[in-house]
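Fold and contact review
The residues making up each chain are set out below.
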Amino acid sequence: MTAPAAADHLDQNDPAIRAAQEARLREVWKPPSGWFFRWTDVNNNRVGVWYTLTAFAFMLFAGVLALVMRAQLAVPENDLVSANTFNQLFTLHGSMMMFLFAVPMFEAVSIILLPQLLGARDLPFPRLSAFGYWSFLIGGVFVGGSIFFNAAPDGGWFMYPPLTTRTDLSGLGADIWMLGLSFIEVSSVAAAVELIVGVLKCRPPGMRLNLMPLYAWYILVVAVMILFAFPPLIAGDVLFEMERLLGWPFFDAARGGDPLLWQHLFWIFGHPEVYIVFLPSIALFAMLIPTFAQRHLLGYPWIVLAAVGTAFLSFGLWVHHMFATGLPKISLAFFSAASEAVAIPTGIQIFVFIATLWAGRVVWSTPLLYAVGSLAIFTIGGLTGVMVAVAPFDWQAHDTYFIVAHLHYVLIGGTLLPLFGGLYYYWPLVTGKKLSDRIGRIAFWVMFAGANLAFFPMHLSGLAGMPRRVFTYPAELGLGGLNMASTIGAYLFAGGVLLVVIDLALSPARPKGPRNPWNAGTLEWLAHPEDESWGIRSVPLIESRYPIWDQKDFVAKVDEGRFFLPDAEEGRRETIVTSVLDARPIQVARLGTPSVIPMLTAIALGSVFILTTYHLYWLALAGGVATLACVLTWLWTGTAEIPEKPCKAIGRGLTVPLYLSGPSASGWWAMFITMLADATAFSGLVFGYYFYWTIHPDFPPPDAAGPGVFWPVAAIGLTVASWGATVVAREVHARGGVAVARALLRFGVMATLASLAAGLAGPWTTGLDPNSHVYPAIVWVLAIWTAAHAGIGAICQSYTLARSLAGRMTPEYDADLRNITVYMHFLALTALVAYCTIGLFPEVAS
Ligand code: HEM
Ligand SMILES: [Cu+2]
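Here's a quick rundown of the structure. These numbers come from a predicted model, not from an experiment.

Distances from the iron atom of ligand 1 to its protein donors, namely H93 (NE2) and H408 (NE2), fall within the range 1.9 to 2.0 Å. Every donor counted, the 6 donor atoms about the iron atom of ligand 1 form angles of 88 to 179° at the centre, which fits octahedral coordination. Note that H93 is positioned in helix 3 (residues 83-117) and H408 in helix 13 (residues 401-431), a separation of 315 residues in sequence.

What follows is the structure, given as structure tokens:
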């Protein structure tokens, strides 16, 4: 990248030309209007705001449930709510806070912020964000609303079997939890894919990885964690629902199953989850602390290393939630030590913040107050966490109010209060108006006092023997005083939240303030999303981590359109795609426009999950067909479109292509990353198979028939043939051999379908009965999973063939074929592992 030749931008000196460009941009990015069509919007500035408000509303709802619980517990032997209702209250409160508030809130805020942080016009797949939002809304209302029908889940937020798998002990609630939340997990993974591709491919020219704003680094780290943490839980959900709906005994000890498998799959997700909800707060601090210290953050590489280190470590810690389950001593020692180790990167991040404040000229402001105050609360929670990470201590405190105190200190200090800080910091960016500093400060101190009054006494009541998850307690225990204090504290806290809500409600009546009111140095403050949905006026060339502070005339140059893509001359929504490491501009991508399809797809997919809950399988199947139809329409009309010209000039003498295929394209990355998540879920199932095998001497049972060897080997052969055909088709097609490629794809479809049949033929022909024992059940699950993926593979191959026949794919424009080849790589790998496991492994192991 060289300095701009003056001649390049002569036209930008003419105000009339600039005004015409702005008019075109405004026209192209105009939000849809009308009472219905406004909801078909896909632009990140509005979808992100809906998403944020919805997550906030779910948080308030879960908070009201907590207030009901605290009212019940205020005095001993109270009968405000029944034991059964109390079980629903704490389960729904915990589940909503974790699945409908903490994780989605991070994704929602990131959807708003990421394009501004990167100077991109939108995220790479705007329609995917809209789909994620509608899924979230539908699933959340379904799960949260169940309490009004006395049908909410009641097995605790981690749903341990056998209590929850026995349909005589837990009603519909367990299905609502499993299916409703699985649906939301799917949308969380979709948002994670979007965010990862956004960070990797949509940075502005010049923003190498080491110049990226720290919030974007954390988005990358946390989204990758979501990508690997949620799929094992989804795998667990699949097994769980098969046990509940079909009676397959995965967690039923009487038929060879094992309830501990659920605990493993849950906590492989559940522990990283703790950091998934905590790292975003650190990310907010990393943005606002330099602003209020008015200097660069010290130790940028340390922060990045600490974030990545925390992510890695957090996947090795899950067993500390299972210290009381009688695991081998050596693994206790290992997981205990690892649990202590994770305190180190967390400490590093906090020290970097302190050092930065120390070295800067601190501007004491409301957001900073929230940051510092929440760190204080979080630290107390961290200290009790270090205590319960010591296995013998945990055996004492396990399942008491000590744990409730610990987890709320961590979650309120690590998630809730920092988010309020972020709210005060970023509200002016999103709305152009500041919130009230005064109300913010008062609210902070009310919440601070309330949180300590509510949760500090719980340490004491817990150590005095008050168990968690009880709806009442006898007066003789003498815990009335501590509990009353907790209840008063909880209502005080709610009062603080109410103040914030009032402050938000007053905002629309307040006048607009200046842009960048905190005098921040990072790029996001140049957008004014409340007026212009295109983001930034021109996409800048980045040379510093704090370009507004460091780069000469930066703001003026951006605003006068002197950087890249200052115009929308073809009337299309566009953003710049850059290379992953060094952010060289390599493409102008055309982005999705408003459409009902994302909403329809979410409704169709949601109906599959919801109808299954009520055992309406035929209707659910119809919903599945509708989902497929929606997805295919979406892809056919909205992706890999052949542009009207190959290249386009984007200013400063630079011309880049309008179409990319293969590993440089964002679509390819989305496919690859989605397949990583899919492979992780599959690994969860395979983990289950080998878990039974290592733990249980009678797995497989000595007299059990397996799926045989012939059919699994045949299925492997057919999948490999189909995979080979697709790979060769891709190569031949790129060299112009369109007819040969089509023939190969036709053969591929046949081979994939044959592999599907062969895979199911194994357990079918040997008559494996999945209800009799866990061994046939897990064999069937692996076979069905692989067969279902083969089915999707055949659809992908047919789709590509149809694209070619319809002239929507040519040797030059072949993204579809390259993307499905990625799918076929993963399909082949899945089939290989699955069929070797079920067919060949018993032969080797016996
Ligand atoms: C002032 C605000 C809050 C109050 C008063 C409160 C109160 C409670 C109460 C009374 C319980 C039940 C304890 C038991 O019976 O075992 C509980 C459980 C729980 N809370 Fe909160 N809570 C608050 C905020 C939060 C937040 C912000 C989160 C997460 C982001 C959260 C996550 C949880 C979880 C995960 C559980 C465990 C549920 C279970 O045992 O299955 N809470 N909370
Ligand atoms: Cu943990």
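Running from N to C, helix 3 and helix 6 (residues 214-246) point in directions that differ by 140°, and their axes come no closer than 11 Å. When you trace helix 3 past helix 6, the crossing you get is left-handed. Seen from helix 3, the contacting residues are F99, V103, F106, E107, V109, S110, L113, L114 and L117; seen from helix 6, they are Y215, A216, I219, V222, I226, F230 and L233. When its residues are assigned to classes, the contact of helix 3 with helix 6 shows 14 nonpolar, 1 polar and 1 charged.

Once that is clear, we can look at the packing of aromatic side chains. The relative placement of two aromatic rings is captured by the distance of their centres and the angle of their planes. The full count for this structure, using the stated rule, is 63 aromatic pairs. Where F266 meets F269, the ring centres are 5.5 Å apart and the plane angle is 80°; that geometry is what we call edge-to-face. Placement of the pair is F266 and F269 together in helix 7 (residues 259-293), with a separation of 3 residues, close to one helical turn. Judged by its relative accessible area of 0%, F266 falls in the buried class. Taking relative accessible area as the criterion, F269 reaches 0% and is therefore assigned buried. Seen from their ring centres, W636 and Y799 are 5.7 Å apart, and the 85° between their planes marks the pair as edge-to-face. Separated by 163 residues along the polypeptide, W636 in helix 19 (residues 617-638) and Y799 in helix 23 (residues 774-805) bring together distant segments of the chain. Here W636 falls in the partly exposed class, since its relative accessible area comes to 25%. Among the residues examined, Y799 registers a relative accessible area of 12% and is labelled buried. Within the aromatic cluster, the residues linked to one another by ring pairs are F99, W157, F158, Y160, W177, F230, F240, F251, W262, F266, W267 and F269.

Moving on, we get to empty space enclosed by the protein. The method is simple in principle: a probe with the dimensions of a water molecule rolls over the atoms, and the space it marks as empty is what remains. Counted by the stated rule, this structure contains 4 cavities of 30 Å³ or more. Reported here for the largest cavity is a volume of approximately 100 Å³. Forming the boundary of the largest cavity are A102, M105, F106, V109, Y215, V277, P280, S281, L284, T415 and L419. Of the residues in the lining of the largest cavity, the class split is 9 nonpolar, 2 polar and no charged. If you trace the second largest cavity, you find it lined by L211, M212, P213, L214, A286, M287, Y300, T522, R545 and Y546. Taken together, the residues of the lining of the second largest cavity break down into 8 nonpolar, 1 polar and 1 charged.

Time to look at the pairing of strand 1 (residues 574-578). Most of strand 1 is tucked away, with 5 of its 5 residues classed as buried. Residues E574, I576 and T578 point to one face of strand 1 and T575 and V577 to the other, with burial holding for every one of them. Of the pairings in the sheet, the one linking strand 1 to strand 2 (residues 585-590) comprises 5 bridges and is antiparallel in character. Bridge pairing in strand 2 links I576 to V588. In this structure, the hairpin formed by strand 1 and strand 2 is closed by a connection of 6 residues, where A583 is found at a positive phi of approximately 55°.

This part is about the site of ligand 1. Close to ligand 1 lie 21 residues, the nearest being H93, W157, H408, R468 and R469. Between R468 and ligand 1, the recorded distance is 2.9 Å, taken from a side-chain N or O atom to an oxygen atom. Contributions of two or more residues to the shell around ligand 1 are made by helix 2 (44-73), helix 3, helix 13 and helix 15 (480-506). The leading source of residues in the shell around ligand 1 is helix 13, at 6 residues. Looking at the shell around ligand 1 residue by residue, the classes come out as 14 nonpolar, 4 polar and 3 charged.

Analysis parameters
Residues numbered from 1 in each chain as written. Chains lettered and ligands numbered in written order. Predicted model: local features only at pLDDT ≥ 70, side-chain atom pairs only at ≥ 80, totals over all residues. Heavy atoms only, no water. Donors = N, O, S within 2.8 Å, 3.2 Å for Na, K, Ca; no water. Tetrahedral: all angles 85-135°; square planar, octahedral: opposite > 155°, others 65-115°. Helix = DSSP H or I, 4+ residues; strand = E, 2+ residues; numbered from the N terminus. Axes fitted to C-alpha atoms, helices over the stretch in contact; angles between N-to-C directions. Left-handed = near helix turned anticlockwise from the far one by under 90°. Contact = heavy atoms within 4.5 Å. Nonpolar A, V, L, I, M, F, W, Y, C, P; charged D, E, K, R; others polar. Phe/Tyr/Trp six-rings, centres within 6.5 Å; stacked < 30°, edge-to-face > 60°. Buried < 20%, exposed > 50% of the residue type's maximum accessible area, 1.4 Å probe, protein only. 1 Å grid on protein atoms, 1.4 Å probe; cavity = no way out; pocket = protein on both sides within 12 Å on 5 of 7 lines; lining within 4 Å. Points joined across faces, edges and corners; volume = space filled by probe spheres on them. Pairing = 2+ DSSP bridges. Near = heavy atom within 4 Å. Polar contact = N/O pair within 3.5 Å; in protein donor to acceptor, adjacent residues only side chain to side chain.

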